[in-house]
Every structure is written in structure tokens, then in C-alpha cells.
Amino acid sequence: MRYGLIGEKLGHSFSKVIHERLCAYEYDLLPLPREEVGPFLTRREFAGINVTIPYKETVLPYLTYIDPVARSIGAVNTIVNRDGLLFGYNTDAAGLADLLRANGFAVAGKKILVLGSGGTSKTACAVAQSLGARQVLIVSRRPSGPGQISYEQAAAGHADAEGLFNTTPVGMFPKLEGAPIDLAPFSRLTFVVDAIYNPLRTRLLQQAQDLGIPCANGLRMLVAQAKAAAEHFLGAPLPDAGTDRVYGELAREMRSLALIGMPSCGKTTLGRLLAARLGRELVDLDEKIARDAGLSIPEIFAREGETGFRARETAALREVAGRQGLVVATGGGIVKNPENVRLLRANAAVCFVQRGLARLSSADPSRPLSTSAEALARMYAERLPLYTAAADFSVSNEGAAEETARAIEDQFKEMCR
């Protein structure tokens, strides 16, 4: 192996994709049990490697030189073999600094809260301090030592915090429902950064958006730290444009597209067109529900009522929401449950497909809740504000489906920049 990544479990790693897009070299993933880390480093059969959980501290005794930034953090994620001598660096710090810069998140002079006390927490603290933060506090479930506080203390005594980093795994795939802290008390926050990038929009980031707080996930940090690592491998700087390019590509590829809107507004037809245009898998949620149940939608309503159907709908969506890069066509009532909206927003850009009431159908027997014009009008009035609140953008579907699909694709790509 010339270049690559070592860690315990690498099944979901994006490092190979990122490095091979940034640079013209082959990059391998090498999962290792703990007892093989030392022998691997002793053999020195590599030019440069990255190190991930849980070995960023394990590798330290095998290194000839440790960069001051890595030494201050107490963790190494990049090792370069120079004539048999191993040089260790921490490029996570450079990645986080790039994320802050790219999003215009200023740290200097501010009180910063860092959720979590693991390795990424140390990186966030080091970066915040190097950028001139006025105060940096670690928020932990079991605080110990100076500079650490509990979550209760954070909300009660430090609601004046101006920046927040989440370095915990709370809210990470596959457990999408959790959030490490409630942002409501923190009215002075100027930014929220979540190191998680699956899902792209954790519950923490969704709440930040709802509160109007600028926020970002950890995908940019992941790409930027890889660029910094590659510069150590190659011994030469790489263009900053490479970070922008690869980050943009991944953001588009990972983001799903979800279509919401009234029954008969055209979501399924548009979903098929968009899946073909974007080269993606289409998941029609109603079709999945019927397939999983072995019953048609009207049969589910007849046997279990709307309550039973809605429970099945949320269960099906929970399976789909953690996946990335899909086109998802939803049922008309998906927005009635706020939990469904949060699940949709986790990895998807949500498009409200608008169509005027006069063009909606009330004669489709497969739609049990809209079997008369009056019922359809009531439903329209009830759901319109829910669709509007849930959507990232909306597109009118009053003309040709191909034109509407093209308009949705354009707005989706613009959102994923």
C-alpha cells in the first residue's frame, strides 16, 4: 500500500473517494484489529497513511516526529514515511479551520461551547483557541477538570454562548432521531457546526435552521482535512479549488431529493423523470408501504384506518431517510406528522410540488382521503401551510412534466452548491 487509511471499521469511509478525486494516486482502505497496528507501522510498507477511530492515539509511540499541532491535540490522523522515519500530523484541525472560513463563521472574541470530550472535541478546542476565542468550554455528560461543564450547566449558565461545535455522535446514522442539546436557550449563537455528515442535516442542524442560526455539517471538514493530508503525502501544496470541487461533488451526490405535495400533483411522474435525469434510484414511498404490507393502500386504510397507515408510513420513511443520493416521492399526507418532516430533511432537499386545486383529481379510488371535491378542498386548505413549512423550495407543476422536472433539477443543484 502506498497511500491509504487504517482504522478499525472502514465500511462507510469516504476517504478513498475523496483522495482519489483530489489527487492522481490510488488510495486503499485497510481495516486493522488493534493488535496489528503496531506491526503494520513497524514494517513501514507505505508512503503515507491516514489514521481514523480508534487509533489516532494508538499510533503516537511509533512516530519519529509529531507536529506541534498534533502534539497539542494529542492525536495524529496523518503519517508520512520519509526514508523510514514516521512523521505524524493532525489535519483535522486544518479541515475544521477551512470549514469555518468557507462558511464565514467568526470565532475570535467569542464564547464557544464544544459538545463532547473525545478526540474531535480536542481538535475543535484547539482550533477555537488558535482563532482567538474568548472562552472555550467543553460540555460533557460527565464533566471533569477545568473548562468542562455539564449540559445542564451549559443551558442554565452559558446561554450567552456565541458559537457551538457538536463533536458527539448523537444524531448520526442510523440513529437519526437524537440531538445532543436543545438550542432554544442559546439566543446569541452566531453559528453551529456539527462534525457529523451522515445525515447531512442532523436534528441539531435542523433546529439551527429553524431558529435562523447559520450552520454547517462536517462534510467540508472531511474534504479539507484530506487535502491537507495529501499535501503532506506529496510534499507540495494543492489548489484550494480542489477542496471546493470535491466538496461540491459529494454534497450533490449525497443529498437526496424528496418530493412532497397534494395527491395527484404529479410527484410519482416527476420522481421517475428526475431519477432518470439525475441517474438515481427512485423510492416511491406509497409503493414501498404497499409492498412491505402485502396490501394496497386502500386495503391498508380499510383494515387499519388512517392511524395504521400513518404508522406504516413513518416506519417506511425511517428506513429510507438514512440513505443518501435518492429521489423520494412521498404520499400527500406525509407532512401531517412532524417526525416525518424531520426524517425527510435529514438527507434530502425537500421540494413542494405545487398544483392548483382545480387541476387535482378527486376521483382516484387509490387515494382514500380525497374521494370528493369537498374533501379535496378541505385537505388542500389544511395541508398547504404544512407543505410550505416543510419545503426547502417549491416548483409549480402546471405545465409539461418534463419542464417541471427540469426546473426542480435546476433548483436542487443550486441548493447543493
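Below is a short write-up of the structure. Just so it is clear, the structure is predicted and the values come from calculations on it, not from any experiment. Residue positions are counted from 1 within each chain, in the order its sequence is given. In keeping with the model being predicted, local features are shown solely for residues with a pLDDT of at least 70 and side-chain atom pairs are shown and tallied solely at 80 or more, while totals for entire chains, interfaces and linings include all residues. Only heavy atoms go into the side-chain values, all of them from the structure, while hydrogens and water stay out.

Digging into the overall build of the protein
The way it works is that DSSP assigns letters per residue, a run of H or I at least four long becomes a helix, a run of E at least two long becomes a strand, and they are numbered from the N terminus. Along the protein, the regular secondary structure elements total 15 helices and 17 strands. Expected size for 417 residues packed as a compact globule is a radius of gyration near 22 Å; at 24 Å, the protein falls within 12% of this value. With the C-alpha coordinates aligned to their principal axes, the bounding extent of the protein is approximately 75 × 50 × 40 Å. For the protein, the residues scored as buried account for 52% of the 417 residues in total. The contact criterion used throughout is that any non-hydrogen atoms of two residues lie within 4.5 Å. A sequence separation of at least 24 residues applies to 68% of the contacts in the protein between residues at least 6 apart. Every accessible area reported is derived by Shrake-Rupley at a probe size of 1.4 Å, with residue values counting cover from the shown protein chains alone. Carbon and sulfur atoms provide 52% of the accessible area of the protein, an area that totals close to 18,100 Å². Asp and Glu are treated as the negative residues and Lys and Arg as the positive ones, with His and the ends of the chain left uncounted. Working definition for charges: the position is that of NZ of Lys, CZ of Arg, CG of Asp or CD of Glu. Each charge class in the protein can be summarised by its mean position, and for the 48 positive and 45 negative side chains these summaries are 2 Å apart. Values of the radius of gyration come from C-alpha atoms, whereas the globule rule sets the reference at 2.2 Å times the count of residues to the power 0.38. Only protein chains enter the accessibility calculation, which uses a 1.4 Å probe. A residue is then buried if its area is under 20% of the maximum for its type, exposed if over 50%, and partly exposed in between.

Brief notes about the side chain of Glu313
Along the chain, the position of Glu313 falls in helix α12 (residues 297–321). With relative accessibility at 0%, the residue Glu313 sits in the buried group. Aside from chain neighbours lying at most four places away, what touches Glu313 is Leu285, Ile289, Gly331, Gly333, Ile334 and Asn340.

Describing the packing of helix α11 (residues 285–293) against α12
Where α11 contacts α12, the axes come no closer than 9 Å and their chain directions differ by 110°. One way to sum up the angle between α11 and α12 is to call them roughly perpendicular. With respect to the hand of their crossing, α11 and α12 are arranged in right-handed fashion. Within the contact between the two elements, α11 uses Leu285, Asp286, Lys288, Ile289, Ala290, Asp292 and Ala293 and α12 uses Ile297, Ile300, Phe309, Arg312, Glu313, Ala316, Leu317, Glu319 and Val320. An axis is simply a line fitted to the C-alpha atoms; with a helix, the fit covers only the stretch in contact. Between two such axes, the angle follows the N-to-C directions and lies from 0 to 180 degrees. Angles are sorted into four bins: roughly parallel if under 35 degrees, roughly antiparallel if over 145, roughly perpendicular if 65 to 115, and oblique for all others. Put simply, a crossing is left-handed when the front helix is turned counterclockwise from the back one by less than a right angle, and right-handed when it is turned clockwise.

Some words on α11
Those residues of α11 not exposed but buried are Leu285, Lys288, Ile289 and Ala290. Against the buried residues of α11 lie β14 (282–284), α12 and β15 (327–329). Its side-chain oxygen placed 3.2 Å from the backbone nitrogen of Asp286, Asp284 serves as the N-cap of α11. Phi turns positive one or two residues past the end of α11, at Gly294, with a value near 70°. Definition of a polar contact: a pair of N or O atoms within 3.5 Å, with one able to donate and the other able to accept a hydrogen when the atoms are protein atoms, and with sequence-neighbouring residues admitted only if both atoms are side-chain atoms.

Some details on unusual backbone geometry
Each neighbour pair has its own omega, and for Ile53 with Pro54 the value is 5°, a cis peptide bond. Look at the link from Phe173 to Pro174: it is a cis peptide, with omega at 10°. Backbone geometry places Asp83, a non-glycine residue, at a positive phi of 55°. Relative to the elements of secondary structure, Asp83 occurs in the loop between β5 (78–82) and β6 (85–89).

Treat this as a map of the structure, not an account of what it does.
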